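Below, each chain spelled out in residue letters.
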Amino acid sequence: MKKFYDFIYWLFMTFCKILFIMSICITSYVVFCRYILSKTPRWGEQSILLCMVYMALISASLAIRTDKHIRVVLIQYLFPESIREKMMSILHGLSQVTIFLFSLFMIIYGYQFTMLMSKSVMSGLPVKNSVMYAPVPIAGVCMLLMQSERFFVFMAKLAGKTIPGYENGLPTE
């Protein structure tokens, strides 16, 4: 199971790296054309924006796997020492459920919005606007996939079992 999630993580990370390199190349080309050739390609800004949207939303799933997403840690210091561990375990479980529900929200409503935007065309690029909004449901699926790993390990830990490959816990880098 760990090898599967490692491969998926590598796939998402590689995709984001490729998009980042593409956005750097396109930006450099647009700047060169604008300031050296005095003619800016119409598709430049929209292409960069498209790369950034895909990269930002897909990379969010990477943060879920490594548990690097934004969260409030201050709350753990509000509990007395005697119940802190128990309360943090409960809050951790609630955060898992919240991320799962948010992923479902992104899939369902992101798909609906993507279909709605398929009726118009992007300015600067001869593609439908749905291409710009498609990363929302795609990112929801990616987040759900990365969250499923955390869920399986969490449930196994509650049952007092360990999943092979996760003896030292979940990945953190």
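Only a predicted model underlies this, so the values are computations on that prediction, with no experimental measurement involved.

A.B. asks: Would you mind going over the side chain of N129 in detail, with residue names and values included?
C.D. replies: By the secondary structure assignment, N129 is in the loop between α3 (81-117) and α4 (130-133). At 2.8 Å, the side chain of N129 and the side chain of S120 are in polar contact. Every residue in contact with N129, bar those within four places of it in the chain, is listed here: M117, S120, V121 and M122.

A.B. asks: Quick rundown of the environment of V131? Include the residues and the values.
C.D. replies: By secondary structure assignment, the location of V131 is in helix α4. When the C-alpha atoms of V131 and M117 are compared, they prove to be 8.6 Å apart, with 14 residues separating the residues in sequence.

A.B. asks: Lay out the packing of aromatic side chains in plain terms, naming residues and giving numbers.
C.D. replies: Overall, the coordinates contain seven aromatic pairs when judged by the stated rule. Ring geometry for Y29 and W43: centres 5.8 Å apart, planes at 15 degrees, overall stacked. Taken as a pair, Y29 in helix α1 (residues 2-35) and W43 in the loop between α1 and α2 (44-65) lie far apart in primary sequence, 14 residues in all. Overall, Y29 belongs to the partly exposed group, its relative accessible area being 40%. Among the residues examined, W43 registers a relative accessible area of 35% and is labelled partly exposed. Here F105 and Y109 contribute two aromatic rings whose centre-to-centre distance is 4.9 Å and whose plane-to-plane angle is 45 degrees, an arrangement assigned as tilted. You can see F105 and its partner Y109 sitting in helix α3, four residues apart, about one turn around the helix. A relative accessible area of 45% places F105 in the partly exposed class. Here Y109 falls in the partly exposed class, since its relative accessible area comes to 46%. In this structure an aromatic cluster arises from ring pairing among F102, F105 and Y109.

A.B. asks: Provide a residue-level description of the nonpolar core, including the pertinent values.
C.D. replies: If you look at the biggest cluster of nonpolar residues, it comprises 30 residues, and the most contacted ones within it are F12, I58 and M146. For this core, the elements supplying multiple residues, two or more each, are α1, α2, α3 and α5 (135-158). Excluding anything up to four places from it in sequence, I58 contacts F12, F15, C16, I138, A139 and C142.

A.B. asks: Talk me through unusual backbone geometry; I want residue IDs and the actual numbers.
C.D. replies: Glycine aside, a negative phi is what most residues show, and trans is what most peptide bonds show. At S38, a residue that is not glycine, the phi angle is positive and equals roughly 55 degrees. Structurally, S38 is set in the loop between α1 and α2.

A.B. asks: Outline the environment of F113, listing residues and values.
C.D. replies: You can see F113 is positioned in helix α3. For F113, a relative accessible area of 36% corresponds to the partly exposed category. In this structure, the C-alpha to C-alpha distance between F113 and T98, residues 15 residues apart in sequence, is 22 Å.

Cut-offs applied
- Residues numbered from 1 in each chain as written.
- Predicted model: local features only at pLDDT ≥ 70, side-chain atom pairs only at ≥ 80, totals over all residues.
- Heavy atoms only, no water.
- Helix = DSSP H or I, 4+ residues; strand = E, 2+ residues; numbered from the N terminus.
- Polar contact = N/O pair within 3.5 Å; in protein donor to acceptor, adjacent residues only side chain to side chain.
- Contact = heavy atoms within 4.5 Å.
- Phe/Tyr/Trp six-rings, centres within 6.5 Å; stacked < 30°, edge-to-face > 60°.
- Buried < 20%, exposed > 50% of the residue type's maximum accessible area, 1.4 Å probe, protein only.
- Core = buried A, V, L, I, M, F, W, Y, C linked by side-chain atoms within 4.5 Å.

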